[in-house]
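# Reading the structure
So you can see what is in the structure, the chains are spelled out below.
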Amino acid sequence: MFSKINRSRIFVIGIMIIVICVNACNDDVFSTFKNISLNETADGNSLRVAVQFSCAKPEDAYIEYWLNGQKDKLNATPVSKQRSDFKIVLTNLKFNSTYQYRIVSGNGGVRFESEIYTFKTKDVPDQLLGLYHVNLQNEQELPTEFKAW
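Computed from a predicted model, the values in this text were never measured in an experiment.

Our focus in this paragraph is the environment of V89. Structurally, V89 is set in strand β4 (residues 80-90). Sequence separation between V89 and E40 is 49 residues; the distance between their C-alpha atoms is 9.3 Å. Discounting residues that sit within four places of it in the chain, V89 has contacts with T41, R48, V49, A50 and T77.

Given below as structure tokens:
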């Protein structure tokens, strides 16, 4: 029914349709998170980090984060609903600590997770060092609340 030339054309057209479909699916599913960056918060607080990213279409998203090696003590941000551009702040971080995080998004019961990223928080600022150390020549003068350390 089909000549040898027509079969070749049908085969090539079929391959082209498959390639177009795979590329369309990859753009929507596998490249969900784009332009991911970590930034300081506007107030310069070292114990908070802002994660900015975008999605191809409006989605619900949040971030799961944990101290490196302690995934069982997972923290999660509140869900930001139906947005394409996100700025989500991670809070309650510890000084000079390494964290891991991943972005989670979804719609209609489908959940997408980014790969896991790592960042390290800054050390205690020099201005605050005096607040963490008590220099007394006579430790008897030290209030009992401070002796528990």
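Applying the stated criterion across every chain yields a total of five salt bridges. Taking the shortest distance from any N to any O, the salt bridge between R102 and E113 comes out at 3.7 Å. Of this pair, R102 sits in strand β5 (residues 98-107) while E113 is found in strand β6 (residues 110-113), placing the two residues eleven residues apart along the sequence. Linking R111 and E113 is a salt bridge whose minimum nitrogen-to-oxygen distance equals 2.6 Å. Counted as one network, the salt bridges with shared partners bring together E64, R102, R111 and E113.

How each quantity is defined
Residues numbered from 1 in each chain as written. Predicted model: local features only at pLDDT ≥ 70, side-chain atom pairs only at ≥ 80, totals over all residues. Heavy atoms only, no water. Helix = DSSP H or I, 4+ residues; strand = E, 2+ residues; numbered from the N terminus. Contact = heavy atoms within 4.5 Å. Salt bridge = Lys/Arg side-chain N within 4 Å of Asp/Glu carboxyl O.

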